[in-house]
Amino acid sequence: MPNRSPLLEVRSLHVGFRIFEGHLRVLDGVTLSVHEGERVGLVGETGCGKTTTVKSVLRVLPMPPAKVTGGEILYRGRDVLKMHRHALHILRRQELTAIFQDPLQSLNPVFTIGSQLRDIVRDSMRTPEGKPLSRREIEARCIQALEETGMPDPARIMSNYPIQLSGGMRQRVCIAEALSTNARLLLADEPTTNLDVTIQDQILRKLDRLVDQKGASVLMITHSMGVVRDLTQRIYIMYAGSVVETGPTRQLLASPRHPYTEGLMASVPRLTGRGVSEGIPGRIPNYLAPPPGCRFHPRCPHRMPECSVEAPPMFDVGADQRAACYLYRRPSP
Amino acid sequence: MRDETKANLLAAWRQRRRNLAHGWYKYSRNPLSVIGLAVLALIVLVAILAPYIAPYPGHAKAYTNFREASQPPSAKHFFGTDRIGRDIFSRTLFGYRFSLMIGAVVLALGVAPGVILGLLAGYRRGTWIEVVIMRVTDVFLAVPPLVLALAITAMLTPNLLNQMMAIALVWWPWYSRLVFSLASSLRNEYFVKEAELTGASQFHILFREILPNCFAPIMTKMTLDMGLVILIESTLSFVGLGIQPPKPALGTMVAEGAKRLPAEWWSTIFPALAIVIVILAFNLIGDGLRDVFAVEDV
Amino acid sequence: MAKYISLRLLQSVFVLFGLSLLIFFIARVVPGDPARQALGLLASQEQVERVREQMHLNDPFPVQYYYWLRSLLRGDLGVSSYTRRPVTTDLRQYIPATLELILFATLISFIIGQVTGVLAGYFRNSWFDGASRLVSYLGIATPSFVIAILLLFVFSQLLKLAPGIGRIPIMMKAPPTRTGFMMIDGLLAGRLDVTLTALKHILLPAFSLAVIHIAQEGRITRTSIVETMQKDYITLHKVHGIRTGRILFKYLLRPSIIPTVTVMGLDFAFLMSNAFLVETVYMWPGFSRYAMTAMLNKDLNAIVAVVLVIGLTFALVNLLVDIIIMFLDPTVRLRQGGA
């Protein structure tokens, strides 16, 4: 898989926010890629820049205050950041789709579900001959999209307003909206975080099956280890605005290498009864004046003098697994 | 121990200063608000100093000099003179004195009862106290403030005091409604519940716990309202229901000048501009405060 | 919904009752003798005494109020001491002209305010946004009488582009009154010239009234557009590939228009009060100028009637606004429907 050129490739992305106190350097060289048909997880604590990464890819960050200060985002080799308005629109229409964290904020409150879904299908989909869909086709497509998410009585849902649905139902609608148009890459930003624990699993399973069916690629943002374990093949661990470790999901979870990842694993409560997590001492750094070098070094149990001088590059730490830590530096030949 | 208190005080003072600096930063993000503040400072200054800096302080009273009547603007009379020879610039400065004073007095008269009634009604929500206060408020709000103020002043003798009382009478309900909605949500906050449990008096809860938390919206509204009160005051003067000539009210001056319009344009344009500028200044400052306090529905 | 509306109407009746009590009270406690005012200085003491008796002025306040309320419910608002005609007759004559003016001004302000607000919000921080912001500040800060005088001065006296005062020139024969709206009456009578002249005459006063509201509505719409644009759902509409035009005019506009409509009730109140000044400046023969004259002449019966009419209009407008909001905002509609 790594030999093919990736569908999405983010290279050394730097994004900052201008606020009263100064310049927040939120993304500090994020590099990641998603291949065709692959499901990738992006994991990290709240506030580490996951959502900013996703919004940058979709190019929906409010600018100002946000500003891209470096790097590129390539989709099928074309730089999304340099795309013209029209090309961007086509890209969003045909290729990209997203689900956001908060289903209560994700649907327009003053229009019916049907109205929103119909417009998405009407504006995004074309017949194989490139003609707009007929009314009946649009209607059928919408009903089908809702049915696929396991929604009972889609015809009635179509005439409902968001306020008439529960959070879980709304998130199903969001999934239906996202997957109604056969997009190729789904960016899912913590799609179940704001839902009841009891339905989180249900929704994730549904999402999993649907993505499989459509053959779409997924970049799944989450802070839950359980979710990545079940749903993704490869993961990126993010800390304070950059990727610190990456590798095949199961392998990485079984043998984390980066000190931050190790700490993160240790802080996940396990059901094996071996006591509660110890966590990582310290807090996410201040983005105004982030620590120099590796941003994790003030909290790191293994810190070395060079850690505070220059950020470490990625070192190979196993089959397809790499970590940004000087612990794994090969002695120079 | 004493060192500790001192350190605490110092820390509190530093925090205050930081908050002020942050507030000023947010305020100054909008250059228009800064301009508004500067303009208002200037207006207040010239209004206070009017008797000393006006070129012809005597012209603010009954004074006639037909030889100097209806002069266009010149170095001698910046804004020209009116039909009986009074210097419009001097009269405008004195007009500002009246406008600002009326604005301040009306708000002082109207805000206090409005806030107290609003606090009471909000804190005692669901009791007969709320019902009485808020229904009376509704009655006062059932007619636009300008109309009610006009009607009341019309029935009284037109003079400074009656004008101020009439405007204050139509002004308090806006504050009781604002504070009512603030207080009725604040009363469910933990700090209020805590004060209740420790047996604090109702006076303490209303004025020490709830009121301080209503400060930002009240301040913002008062600033914006200064502009509105001055607007209504000038309107009342314009129709002849304000302070009576020969005292200079800006609205009266506009009305007088309007009768002689195409020819003696200066006698109406300058006082009119003076009104617009002071109202504008208050609006700009109010908007700046809205940003600082992040209040929306004022 | 019917239940909600009837509840609101009941509230309005209560408020209007309170208003009548308030205004009647002020009218009766004012210094001076209403009977003497009604008759003038030349009347003899006996005549005054007789009128005092007729007006129940010698009875205690609640009794006076009872008599007054009783005649009010019969549609009798007393006689105007200034025009010497029943107040109801006066009202019937003058209200249509003001209604025509105010409706025209509302139309202008809503359309222009919406368009500038949407554009300023969508292209925020552009030159257009800056310019409209500046103009809206000026619009809000300028008293309506100043605007009226300035427009009259510039467009009528200096540039001679528009006729000055009144609804139609004095020389012109007015069409028979049917709706009371000069423009419509002209059409009904088949007199296009009247309609056109009336249109020319209404432009300046209507615009004088509209300026403040253009500024206010434009500003509210702008703020609300900017806020809505930052919502997740608008971002997602974009991501899901909905056409830009559709997002702008459907998904962005509808939620953003709600705050503007919400304040339209309050705006209408200001429109009604500003009409007092604008009609005075333009000698518009309408209700507001009648009210102004009544106030300047201490015509108590007319003042009380005028205040009540305005209170009633304001209540109805607010109810109308609430109903429109229910149609625009399903959240409100479903809540009211459920309750």
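Nothing here was measured: the structure is a model prediction, and the numbers come from that model. (Residues numbered from 1 in each chain as written. Chains lettered and ligands numbered in written order. Predicted model: local features only at pLDDT ≥ 70, side-chain atom pairs only at ≥ 80, totals over all residues. Heavy atoms only, no water.)

1. Let's talk about the overall build of chain B
What chain B contains, in helices and strands, is 11 helices and 0 strands. Overall, the C-alpha framework of chain B stretches about 75 × 50 × 30 Å when taken along its three principal axes. Relative to its full complement of 298 residues, chain B shows a buried share of 52%. The long-range share in chain B, meaning contacts at least 24 apart out of those at least 6 apart in sequence, stands at 73%. Of the roughly 14,000 Å² that chain B leaves accessible, carbon and sulfur atoms contribute 65%. Here chain B contributes 27 positively and 19 negatively charged side chains, and the mean placements of these two sets differ by 5 Å. (Helix = DSSP H or I, 4+ residues; strand = E, 2+ residues; numbered from the N terminus. Buried < 20%, exposed > 50% of the residue type's maximum accessible area, 1.4 Å probe, protein only. Contact = heavy atoms within 4.5 Å. Areas by Shrake-Rupley, 256 points an atom, 1.4 Å probe, with all protein chains shown as cover. Lys, Arg positive; Asp, Glu negative; His and termini not counted. Charge placed at Lys NZ, Arg CZ, Asp CG, Glu CD.)

2. Some words on the packing of aromatic side chains
For the structure shown, the criterion picks out 24 aromatic pairs over all chains. With a centroid separation of 5.6 Å and 20° between ring planes, the pair formed by B:W24 and B:Y27 is classed as stacked. Of this pair, B:W24 and B:Y27 are both found in helix α1 (residues 2-28), 3 residues apart, which corresponds to roughly one turn of the helix. Judged by its relative accessible area of 45%, B:W24 is partly exposed. Among the residues examined, B:Y27 registers a relative accessible area of 6% and is labelled buried. Ring geometry for C:Y94 and C:Y290: centres 5.2 Å apart, planes at 20°, overall stacked. Of the two residues, C:Y94 is situated in helix α5 (residues 87-122) and C:Y290 in helix α12 (residues 287-296); the sequence distance between them amounts to 196 residues. By relative accessible area, C:Y94 is classed as buried at 19%. Through pairs of rings, three or more aromatic residues link up here, namely B:F78, B:F79, B:F89, B:W265, B:W266 and B:F270. Positioned above the aromatic ring of A:F100 is the side chain of A:K55, whose terminal nitrogen or guanidinium carbon lies 5.2 Å from the ring centre. (Phe/Tyr/Trp six-rings, centres within 6.5 Å; stacked < 30°, edge-to-face > 60°. Lys NZ or Arg CZ within 6 Å of the ring centre and 35° of its normal.)

3. A few points about empty space enclosed by the protein
All names here are of chain A. If you walk through the whole model with that rule in mind, you get 4 cavities of 30 Å³ or more. What lines the largest cavity is a set of 13 residues, among which C294, C300, C307, C325 and Y326 lie closest to the centre. Its residues placed into classes, the lining of the largest cavity shows 9 nonpolar, 3 polar and 1 charged. (1 Å grid on protein atoms, 1.4 Å probe; cavity = no way out; pocket = protein on both sides within 12 Å on 5 of 7 lines; lining within 4 Å. Points joined across faces, edges and corners; volume = space filled by probe spheres on them. Nonpolar A, V, L, I, M, F, W, Y, C, P; charged D, E, K, R; others polar.)

4. Observations concerning the confidence of the model for chain C
Of the residues in chain C, 95% have a pLDDT of 70 or more, and the chain-wide mean is 84. Two numbers describe this predicted complex: its pTM, 0.79, and its ipTM, 0.84. (pLDDT = per-residue confidence, 0-100.)

5. With respect to the interface of chain C and chain A
Contacts between the two partners involve 26 residues from chain C, matched on the other side by 29 residues from chain A. Here chain C and chain A share 5 salt bridges between them. Ionic pairing is found between A:D123 and C:R246, a salt bridge with its closest N-O pair at 2.8 Å. For the side of chain C that touches chain A, the secondary structure elements donating two or more residues are α10 (232-239), α11 (244-282) and α14 (330-338) of chain C. (Salt bridge = Lys/Arg side-chain N within 4 Å of Asp/Glu carboxyl O.)

6. Description of the interface of chain C and chain B
At the junction of the two partners, chain C supplies 43 residues and chain B supplies 44 residues. Three residues, C:Y137, C:A141 and C:F145, lead the burial of chain C against chain B; their summed loss comes to 15% of the area buried on that side. Our count for the contact surface shared by chain C and chain B stands at 1 salt bridge. Put simply, C:R219 and B:D287 hold a salt bridge, and the shortest N to O gap is 3.0 Å. Across the chain C-chain B interface, the total number found is 5 residue pairs in polar contact (both at pLDDT 80 or more). When contributions to the side of chain C that touches chain B are tallied by element, the ones reaching two or more residues are α1 (2-29), α6 (127-141), α7 (144-158), α9 (192-229), α11, α12 and α13 (300-328) of chain C. Looking at the side of chain C that touches chain B, its residues break down into 33 nonpolar, 6 polar and 4 charged. (Buried area = accessible area lost by both parts, 1.4 Å probe. Polar contact = N/O pair within 3.5 Å; in protein donor to acceptor, adjacent residues only side chain to side chain.)

7. Some details on the sheet that holds strand β2 (residues 22-34) of chain A
All names here are of chain A. One open sheet holds the 4 strands; their spatial order is β2-β1-β4-β5, and the pairing between them is antiparallel. Both outer strands of the open sheet, β2 and β5 (78-79), are each paired with one neighbouring strand and no more. As judged from the 8 bridges shared by strand β1 (residues 8-19) and strand β4 (residues 66-75), these two strands associate in the antiparallel manner. Counted as the bridge partner of E9 is L74 from β4. (Pairing = 2+ DSSP bridges.)

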